[in-house]
Amino acid sequence: MFFGTDLAMERRRIAGEMDGIFHREYAVGDASVSEIRIESDEAAEKLGKSRGSFLTVSVPDMTEDIEVFEGRSRAAADCLLSLLPKKGSVMVAGLGNEEITSDALGPKCIARIFATGHIPKEQARQLGLAGLRTVYAVAPGVAGQTGIEGAQFLKSLCKTLSVSALIAVDALAARDMARLGNTVQITDTGISPGSGVGNPRKEYTRESIGVPVIAVGVPTVIHILHAAAGIFAQEITEESEIRAKNYREAVVTVRDADALIRHAANLTAMAINLALHPSLSAAELSHLTAR
């Protein structure tokens, strides 16, 4: 089946009810959270996803309101915290190509991460920042730019720095246009960059990297087939998928993609910062990461 989406919640809806899946939904402020746990190999195969947890935070729209923004960021931060190791240093990697707007989420997010690996413990204490978690941030680029597979690069980096986990931030594909920029998926199963748009690269998983990999993603594109189906309110049938096979690699995004990426990067970065530095407020983190 051609799902055309990286979101586990959309794949579950398409595939229908089945054994081996735990699902619940709940609200946190004006954000809604969908929790899916794939508990069997059979369910994993049917959904085309690995066994593990998928926490999806959906918000009505992106906003500049500081109070609302902080509340939504904390909802995502709580989901991330539930999957992260409690102790140890963490590497945050922004995947994607910054020169392509819809693929720039990862690098844009990294620019807002509060990295602390370079701060001596004594200096942190003097600044009133004692107890900070050691955090590294990197944007490895894409193989077409560097000639190096990102997974290969990050495996070496994680080993050298002895981190306890890797948080990989990447742009995703969705099946519903309304989810672009308004949904954050957090999973402990890692990520296969480019899989949602038919260009899969080497996977970032615990097995390939050597440490737990928590993937954080926001949908920024939709396949043209699904965009058309949404516009004309038509169900996608197996026959229509066959007819549109040549268009599967065609994806579209919204007109104000620059603003969408900016808001999504700010939201994901703040969620990660709050999860990694819970003693700091959103206002303090905004000040520390101001560019």
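Above: the structure in question.
Criteria and thresholds
- All residue numbers here refer to positions counted from 1 along the written sequence of the relevant chain.
- Two thresholds apply to this predicted model, a pLDDT of at least 70 for residue-level local features and 80 or more for giving and counting side-chain atom pairs, whereas whole-chain, interface and lining totals are computed over all residues.
- Side-chain metrics rest on all non-hydrogen atoms present in the structure, leaving aside hydrogens and water.
- Numbering of helices and strands runs from the N terminus, with a helix taken as a DSSP run of H or I at least four residues long and a strand as a DSSP run of E at least two residues long.
- A helix's residues, less one, multiplied by 1.5 Å, set its expected span.
- Only protein chains enter the calculation, and the probe is 1.4 Å; a residue is then buried if its accessible area is under 20% of its type maximum, exposed if over 50%, and partly exposed in between.
- This arc is taken over the directions from the axis of the helix to the C-beta atoms.
- Contacts: residue pairs with any heavy atoms within 4.5 Å of one another.
- Definition used for salt bridges: Asp or Glu carboxyl oxygen within 4 Å of a side-chain nitrogen of Lys or Arg.
- Residues belong to one nonpolar core when they are buried, are Ala, Val, Leu, Ile, Met, Phe, Trp, Tyr or Cys, and are joined through side-chain atoms within 4.5 Å.

A.B. asks: With reference to specific residues and values, describe helix 7 (residues 150-161).
C.D. replies: It helps to recall that an α-helix has 3.6 residues per turn; residues three or four apart then point in one direction. Taking 1.5 Å per residue as the helical rise, helix 7 with its 12 residues ought to reach 16 Å, and the 16 Å between its terminal C-alpha atoms agrees with that figure. Among all positions of helix 7, only Gly150, Ala151, Leu154 and Cys158 are buried. Along helix 7, the residues classed as buried sweep out an arc of 85° about the axis, all on the same side. Residues of helix 7 that are exposed and point over 90 degrees away from its buried face: Gln152, Lys159 and Thr160. Buried positions along helix 7 lie against strand 4 (90-94), strand 5 (135-138), strand 6 (165-174) and helix 8 (206-209). One or two residues past the end of helix 7 sits Ser162, with phi positive at roughly 55°.

A.B. asks: Tell me about the pattern of salt bridges, residues and numbers included.
C.D. replies: Scanning the model with the defined rule gives nine salt bridges in all. With its nearest N and O atoms 3.8 Å apart, the salt bridge here joins Arg179 to Glu10. One end of the pair, Arg179, is in the loop between strand 6 and strand 7 (183-187); the other, Glu10, is in helix 1 (residues 8-15), and 169 residues separate them in sequence. Taking the relative accessible area as the measure of exposure, Arg179 reaches 17% and is therefore buried. For Glu10, a relative accessible area of 0% gives the class buried. Notably, a salt bridge pairs Arg37 with Glu35, separated by 3.3 Å at the nearest N-O pair. Residue classification places Arg37 among the partly exposed positions, given a relative accessible area of 29%. Each of Arg24, Glu35, Arg37 and Glu39 takes part in a single network of salt bridges with overlapping partners.

A.B. asks: Residues and numbers for the nonpolar core, please.
C.D. replies: Generally speaking, nonpolar side chains in soluble globular proteins are found buried as a group. Within the largest apolar cluster, 82 residues are counted, with the highest numbers of intra-cluster contacts made by Leu80, Val92, Leu166, Ile167, Ile186, Tyr204 and Ile272. Considering each element in turn, this core owes the most residues, 12 residues, to helix 11 (residues 257-276). Other than its neighbours up to four places away in sequence, Ile186 contacts Ser53, Phe54, Leu55, Ala76, Cys79, Leu80, Leu83, Ile214, Ala215 and Val216.

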